Each structure stands twice: as structure tokens, then as C-alpha cells.
Amino acid sequence: MAKVFRPSTRESSILSKIESSKERARHMAINGIRDHIDQMSNQVAMKLIENKLVETTNKNGLEEQIHKALETLSYAEDFDVDYEVAPFRKIVTNPHIVSLYLTAFVIEKLINHKDTVDIYGSDDEIYHCINHQVKKFLP
């Protein structure tokens, strides 16, 4: 017969605090997008091109697409965000939600944009490039 695991009150409160702090950090990051949306979209677009991860015919078009993705993220419901990032959740162990969302956007939707020639690199290379820029603006 299997043993039934019943966490004590202390363990439950610790687990609850950990989960609530993760949720709080997630919401702070998503809400912080609005303050830095222009600079962040510019930096991410520039680095993707500089690192030759995205080949495009129009850098401004790429920047606009990333700007729209960030704007969509800032007003999205939690379910919609989780749905978009679900295939990429395992890229890194503790992903930043904004970087993960932008990675999913670049890999799944940006490839179909008229200005995008091709997207190079692995999923984790794209994530790390985006995350390096996002960390400059968001905690």
C-alpha cells in the first residue's frame, strides 16, 4: 500500500510563499514591459540581427513586430501567456517569462512575417540572446 504524503503546516506555508513569490515576480516583469517597451524592442531586434540569429530585409519591421509582441504580452491573460510559451518551457530551468514569450514569438510567428528571410540558431541560443537584452530592463 502506498504511503500518503501529507505536508505539515510549515511545509505548506513555505511552498505557498515560494509559489506566491514566483507569481509576483512574473507579474512585476510583465507589468514592467510598459516602462521600457521601446528600448527593449530596439535592443532585442538589434541583437538578433547582430548575432545573425534572424535575417531580415527590414530592421524596423522586425523592431515593430517585437514591439507588438511585447505590447500583446503586457495586456495578455495568464492562460494566453502560458499557452504561447508551453512548447518552450523546458529551454532553461528557470526561464524569464518575457524572454520566453519573445523566444516563442520569434520561433513560431516571426518566421512567417514578410520581412523575415530566415531564422538561424537553436531555441536556446535565441532565448539567451533575447534574455541578455531583457535582463537589462527587467528584474
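This is a predicted model, so every value here is computed, not measured.

A. Expanded view of the overall build of the protein. Regarding its fold elements, the protein presents five helices and two strands. The helix and strand sequence of the protein, counted from the amino end, reads α-β-α-α-α-β-α. The principal-axis extents of the C-alpha atoms in the protein amount to approximately 60 × 35 × 25 Å. Considering only residue pairs separated by 6 or more positions, the protein has 71% of its internal contacts joining residues 24 or more positions apart. Looking at the protein as shown, the accessible area adds up to about 8,900 Å², and 51% of this sits on carbon and sulfur atoms. Here the protein holds 18 positive side-chain charges and 21 negative ones, and the gap between their average locations is 9 Å.

B. Spatial organisation of the nonpolar core. In terms of nonpolar packing, the biggest core is built from 35 residues, with L48, V98, L102 and V106 touching the most fellow members. When contributions to this core are tallied by element, the ones reaching two or more residues are α1 (9-50), α2 (59-75), α3 (78-85), α4 (97-108) and α5 (123-137). Aside from chain neighbours lying at most four places away, what touches V106 is L48, V54, I111, I119, I126 and I130.

C. How the structure looks around the environment of S13. For S13, the position within the fold is in helix α1. Judged by relative accessible area, S13 falls into the partly exposed class, the value being 34%. Separated by 22 residues in the primary sequence, S13 and D35 place their C-alpha atoms 33 Å from one another.

Thresholds applied
- Residues numbered from 1 in each chain as written.
- Predicted model: local features only at pLDDT ≥ 70, side-chain atom pairs only at ≥ 80, totals over all residues.
- Heavy atoms only, no water.
- Helix = DSSP H or I, 4+ residues; strand = E, 2+ residues; numbered from the N terminus.
- Contact = heavy atoms within 4.5 Å.
- Areas by Shrake-Rupley, 256 points an atom, 1.4 Å probe, with all protein chains shown as cover.
- Lys, Arg positive; Asp, Glu negative; His and termini not counted.
- Charge placed at Lys NZ, Arg CZ, Asp CG, Glu CD.
- Core = buried A, V, L, I, M, F, W, Y, C linked by side-chain atoms within 4.5 Å.
- Buried < 20%, exposed > 50% of the residue type's maximum accessible area, 1.4 Å probe, protein only.

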